[in-house]
There are 2 protein chains.
Amino acid sequence: MPGVRHVVTLTFRDGTTTEQVDDIVFALGALPSVIPELRSYVVGPDLGRSDGSASLAIVADFDSWEGYEAYRDHPDHVAVATEMIVPVLSGRSVVQHETT
Amino acid sequence: MPGVRHVVTLTFRDGTTTEQVDDIVFALGALPSVIPELRSYVVGPDLGRSDGSASLAIVADFDSWEGYEAYRDHPDHVAVATEMIVPVLSGRSVVQHETT
């Protein structure tokens, strides 16, 4: 049965501090321990080596679309998104695709 | 030694056909056979289940930044990008981050 991969890039506003980004990475990194539907979860802040890059990438793998929805709607994920990410967010790009 | 992950989302112009997207996915999928620096390469077209999603995601893993540069500059990759992707591209978001 195919799985689902959720790929996100986030761009943070000018003035967002390294500490804020570190806090977001840390908070996101805690989600797999509370969301068992996350089969794999890789979060990484951009190295700043290419002009025009976004700020952070998230690649999340699930066994099913329902697993993705459980992550999307989980209160801990929603809390990180609304309390820590949205206040510094200037752009977001998302793809969801099947995996084999 | 940490590796490098290259995460890209591409958004294609309205009117881009499924066949054009399939051709791009197929052409990208051939790159690992000619670019040995690609340790892992996952390409997936968006399922269209979330409003405002981009069209295609690419997640490429390398052992080093030099591996990423070999991919970036490889003539077969450049050919797919310039001949197949750029003509239908309306947006692109990129992150490069370390992996452990």
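The preceding data block contains the structure.
Here is what the cut-offs are and how they apply
- Residues numbered from 1 in each chain as written.
- Chains lettered and ligands numbered in written order.
- Predicted model: local features only at pLDDT ≥ 70, side-chain atom pairs only at ≥ 80, totals over all residues.
- Heavy atoms only, no water.
- Contact = heavy atoms within 4.5 Å.
- Buried area = accessible area lost by both parts, 1.4 Å probe.
- Salt bridge = Lys/Arg side-chain N within 4 Å of Asp/Glu carboxyl O.
- Polar contact = N/O pair within 3.5 Å; in protein donor to acceptor, adjacent residues only side chain to side chain.
- Helix = DSSP H or I, 4+ residues; strand = E, 2+ residues; numbered from the N terminus.
- Nonpolar A, V, L, I, M, F, W, Y, C, P; charged D, E, K, R; others polar.
- Buried < 20%, exposed > 50% of the residue type's maximum accessible area, 1.4 Å probe, protein only.
- Arc of directions from axis to C-beta.
- Axes fitted to C-alpha atoms, helices over the stretch in contact; angles between N-to-C directions.
- Parallel < 35°, antiparallel > 145°, perpendicular 65-115°, else oblique.
- Phe/Tyr/Trp six-rings, centres within 6.5 Å; stacked < 30°, edge-to-face > 60°.

### Here we look at the interface of chain A and chain B
Taken together, the contacts link 24 residues of chain A with 24 residues of chain B. Both faces considered, chain A and chain B share a buried interface measuring about 2,100 Å² in area, 61% of it formed by carbon and sulfur atoms. On inspection of chain A and its partner chain B, the count reaches 0 salt bridges. Where chain A packs against chain B, one counts 10 residue pairs in polar contact (both at pLDDT 80 or more). Those elements giving two or more residues to the side of chain A that touches chain B turn out to be strand S1 (3–12), strand S2 (40–45), strand S3 (56–62), helix H2 (65–73) and strand S4 (89–99) of chain A. Broken down by element, the side of chain A that touches chain B gets its largest block of residues, 6 residues, from S4 of chain A. Across the side of chain A that touches chain B, the residue classes break down as 12 nonpolar, 8 polar and 4 charged.

### Considering helix H2 (residues 65–73) of chain B
Because an α-helix packs 3.6 residues into every turn, residues spaced three or four apart end up facing the same way. By the burial criterion, the buried members of H2 of chain B are Trp 65, Gly 67, Tyr 68 and Tyr 71 of chain B. Seen from one end, H2 of chain B has its buried residues packed into an arc of 155°, which puts them on one side.

### Considering the packing of helix H1 (residues 18–29) of chain A against helix H3 (residues 75–85) of chain A
All names here are of chain A. Viewed as axis vectors pointing N to C, H1 and H3 meet at an angle of 175°, and their least axial separation amounts to 10 Å. In terms of their interaxial angle, H1 and H3 are classed as roughly antiparallel. For the pair H1 and H3, the contacting residues are Asp 23, Ile 24, Ala 27 and Leu 28 in the first and Val 80, Met 84 and Ile 85 in the second. Here the contact of H1 with H3 is built from residues that sort into 6 nonpolar, no polar and 1 charged.

### Examining the packing of aromatic side chains
All names here are of chain B. Applying the stated criterion to the full structure yields 8 aromatic pairs over all chains. A centroid spacing of 4.9 Å and a plane angle of 50° characterise the contact between Trp 65 and Tyr 68, whose relative ring orientation is tilted. Of this pair, Trp 65 and Tyr 68 both sit in helix H2, 3 residues apart, which is roughly one turn of the helix.

Any functional reading would require information that these geometric values do not contain.
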